[in-house]
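A look at the structure
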Amino acid sequence: MHFLLSAAFVLCWSSGFIGAKLGAGSAPAATLLMWRFLPLAAVLALVAATAARASWRDLTARDLARQAAIGALSQSGYLFTVYSAIQLGVSSGTTALIDGTQPLVAGALAGPVLHQYVSRRQWLGLCLGLAGVVLVTTADAAAGAGVSRWAYLVPFLGMSSLVAATFLEGRSRTRVAPSVAMTVHCTTSAVLFTALAAGTGAVRPPAALSFWVAVGWLVALSTFGGYGLYWLILRRFGVTEVNTLMFLMAPVTALWGAAMFGEPFGPQTAAGLAVGLAAVALVRRGATPPAAAPAAHPPPRARGRTSGHPLVRPRAGDGRLRGVGRPGR
């Protein structure tokens, strides 16, 4: 079951980049995202009102506001930059690789933001991961005629939005059911993208069949499949598992994009992806605490609340790891 969930998550999350490419030529990003989330939010709200009332009972207005903020960052901000980058001509594989550095960036920020220790080996992994991004990005830029250089900065904005959502969710003490989280996130996205489309005069959907194929693809595979499995795996297996799987998105998407759209996939791209995977292995090894570390009891406020991020070394003596969607929360 673990393997099947992981494989399904990788494929479904990667499908989001492919779906964005499918719809890129038929409508602006705001239009595609509006029509992706409007019917989805309506269905989820109906289910919540009829069959999932118990999951909402103990949630306060503050809990819902936090989930709305998480949705605005992890879904609205993240997806809009992904779609915009692909419409600007950045390949789906490069976009996936840049967005996939989110665990590395979150780990680098864990020190100054969460005051946690990051080892030298982990910092080396961060630098190696950055080198992989540079290799793939430069290869894509060289092959992508007519793509502005600044377009490659757009996916970094989306990655930053996902990092912010990760820290915001990780600081929450309230357990929120995945169905509730998805409903709030999708409703938030529907409102934001409808407002954006209305403000830019892009509400009306095109008549092209490719547009509705892309919408169906994104709702079925990317939202219910990818986004749903993202939070499910976070809660069942922890943040380390999800962050590791995120690094598989880039090679899967790059191969998928090359096969489906003829996107460039040369030796430099392959080398960059290999460097990125090596960075993951290095970071994960650096996250393992030494076996001989002396046992110590954390102060009462810190007990059981250390970061569960793979780039953050847990204090000896902590019984479990705390992170985004940690199991048992």
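The following paragraphs examine the structure supplied in this document. Starting afresh in each chain, residues are numbered from 1 along the sequence in its written order. The predicted origin of the model limits local features to residues at a pLDDT of at least 70 and limits the giving and counting of side-chain atom pairs to 80 or more, whereas totals for whole chains, interfaces and linings rest on all residues. Note that the side-chain values use all heavy atoms of the structure and ignore hydrogens as well as water.

Numbering of helices and strands runs from the N terminus; a helix is a DSSP stretch of H or I covering at least four residues, while a strand is a stretch of E covering at least two. Assigned secondary structure in the protein consists of twelve helices and zero strands. When its helices and strands are written in sequence order, the protein yields α-α-α-α-α-α-α-α-α-α-α-α. Whether a residue is buried, partly exposed or exposed follows from its accessible area with a 1.4 Å probe, protein chains only, as a fraction of its type maximum: under 20%, in between, or over 50%, in that order. Looking at the protein as a whole, 52% of its 329 residues are labelled buried. For the protein, restricting intrachain contacts to residue pairs at least 6 apart in sequence, the fraction spanning at least 24 positions comes to 85%. Residue contacts follow a heavy-atom distance rule, with two residues in contact if any of their heavy atoms lie within 4.5 Å.

Right, let's talk about the pattern of salt bridges for a bit. Salt bridge, as applied in this entry: a Lys or Arg side-chain nitrogen positioned within 4 Å of an Asp or Glu carboxyl oxygen. Applying the stated criterion across every chain, the model contains one salt bridge. Across the pair Lys-21 and Glu-263 runs a salt bridge, and its minimum N-O distance is 3.4 Å. Highlighted residues: Lys-21 in helix 1 (residues 2–24) and Glu-263 in the loop between helix 11 (249–261) and helix 12 (267–286), separated in sequence by 242 residues. For Glu-263, a relative accessible area of 9% corresponds to the buried category.

Helices are assigned an expected span. That span is 1.5 Å times one less than the residue count. Helix length check: helix 8 (residues 178–199) (22 residues) gives 31 Å between terminal C-alpha atoms against 32 Å at 1.5 Å per residue, within 8%. Taken together, the buried positions of helix 8 are occupied by Val-180, Ala-181, Met-182, Thr-183, Val-184, His-185, Cys-186, Thr-188, Ser-189, Ala-190, Phe-193 and Ala-197. The elements touched by buried residues of helix 8 are helix 2 (29–50), helix 3 (61–87) and helix 9 (209–237). Taken from the residues just after helix 8, Gly-201 is the one with a positive phi, measuring 65°.

Before going further, it helps to examine the nonpolar core. Definition used in this section: a nonpolar core is a set of buried Ala, Val, Leu, Ile, Met, Phe, Trp, Tyr and Cys residues joined via side-chain atoms within 4.5 Å. Membership of the largest hydrophobic core comes to 47 residues, with the highest contact counts inside it found for Phe-9, Trp-13, Phe-37, Tyr-83, Tyr-230 and Met-246. Secondary structure elements with two or more residues in this core: helix 1, helix 2, helix 3, helix 7 (154–170), helix 8, helix 9 and helix 10 (239–246). Here this core gets twelve residues from one element, more than from any other, and that element is helix 9. Not counting residues up to four positions away in its chain, the partners in contact with Trp-13 are Tyr-78, Gly-226, Tyr-227, Tyr-230, Met-246 and Met-249.

Okay, the packing of aromatic side chains next. Ring pairs shown here join Phe, Tyr and Trp side chains whose ring centres sit within 6.5 Å, with only the six-membered ring taken for Trp; geometry is labelled stacked below 30 degrees between planes, edge-to-face above 60, and tilted in between. Inspection of the entire model under this criterion finds nine aromatic pairs. An angle of 55° between the planes, with centres 5.6 Å apart, marks the rings of Phe-9 and Trp-13 as tilted. Of this pair, Phe-9 and Trp-13 both sit in helix 1, separated by four residues, roughly a single helical turn. Its relative accessible area of 0% is what places Phe-9 among the buried residues. In this structure Trp-13 comes out as buried when scored by relative accessible area, which is 8%. Each ring, one from Trp-13 and one from Tyr-78, has its centre 6.0 Å from the other, and the planes form 35°; the classification is tilted. Taken together, the residues Trp-13 in helix 1 and Tyr-78 in helix 3 connect sequence positions 65 residues apart. Judged by its relative accessible area of 4%, Tyr-78 falls in the buried class. Here the aromatic cluster, defined as three or more aromatic residues joined through ring pairs, consists of Phe-9, Trp-13, Tyr-78 and Tyr-230.

Once that is clear, we can look at helix 11. Look at helix 11: 17 Å from first C-alpha to last across 13 residues, which is about the 18 Å you get at 1.5 Å a residue. Turning to helix 11, its buried residues number three or more, namely Met-249, Ala-250, Pro-251, Thr-253, Ala-254 and Gly-257. Directly after helix 11, the chain includes Gly-262, whose backbone phi takes a positive value near 70°.

Turning our attention to the packing of helix 3 against helix 7. Every axis in this analysis is a line fitted to C-alpha atoms, fitted for helices over the stretch in contact. Angles between the N-to-C directions lie between 0 and 180 degrees. Helix 7 packs onto helix 3 with a crossing angle of 165° between their chain directions and a minimal axis gap of 8 Å. Here helix 3 is positioned roughly antiparallel relative to helix 7, judged by the angle of their axes. Judged by the twist between their axes, the crossing of helix 3 over helix 7 is left-handed. Of the residues in helix 7, those touching helix 3 at Arg-66, Ala-69, Ile-70, Leu-73, Ser-74, Gly-77, Tyr-78, Thr-81, Ser-84 and Ala-85 are Val-154, Pro-155, Leu-157, Gly-158, Ser-161, Leu-162, Ala-164, Ala-165, Leu-168 and Glu-169. An angle below 35 degrees is treated as roughly parallel, one above 145 as roughly antiparallel, one from 65 to 115 as roughly perpendicular, and anything else as oblique. Two helices crossing with the near one rotated counterclockwise from the far one by less than a right angle form a left-handed crossing, whereas a clockwise rotation gives a right-handed crossing.

On to a nonpolar patch on the surface, then. Like-charged residues within 9 Å of one another, or nonpolar side chains (Val, Leu, Ile, Met, Phe, Trp, Tyr) within 5 Å, are grouped into patches, provided each residue has over 30% relative accessible area and no salt bridge. Residue-level accessible areas treat just the shown protein chains as cover; the underlying method is Shrake-Rupley with a 1.4 Å probe. On the surface, a cluster of nonpolar side chains totalling about 330 Å² of accessible area is made up of Leu-88, Trp-150 and Leu-153. Position of Leu-153 among the secondary structure elements: in the loop between helix 6 (120–143) and helix 7. Assessed through its relative accessible area of 56%, Leu-153 is described here as exposed.

Another point: the packing of helix 3 against helix 4 (residues 92–99). At their nearest, the axes of helix 3 and helix 4 sit 9 Å apart, and the two run at 150° to each other. Judged by the twist between their axes, the crossing of helix 3 over helix 4 is right-handed. Contacts between helix 3 and helix 4 involve Tyr-78, Val-82, Ala-85 and Ile-86 from the first element and Ser-92, Thr-95 and Asp-99 from the second. Each residue gets one label: Ala, Val, Leu, Ile, Met, Phe, Trp, Tyr, Cys and Pro are nonpolar, Asp, Glu, Lys and Arg are charged, and the others, such as Gly, are polar. Looking at the contact of helix 3 with helix 4, its residues break down into four nonpolar, two polar and one charged.

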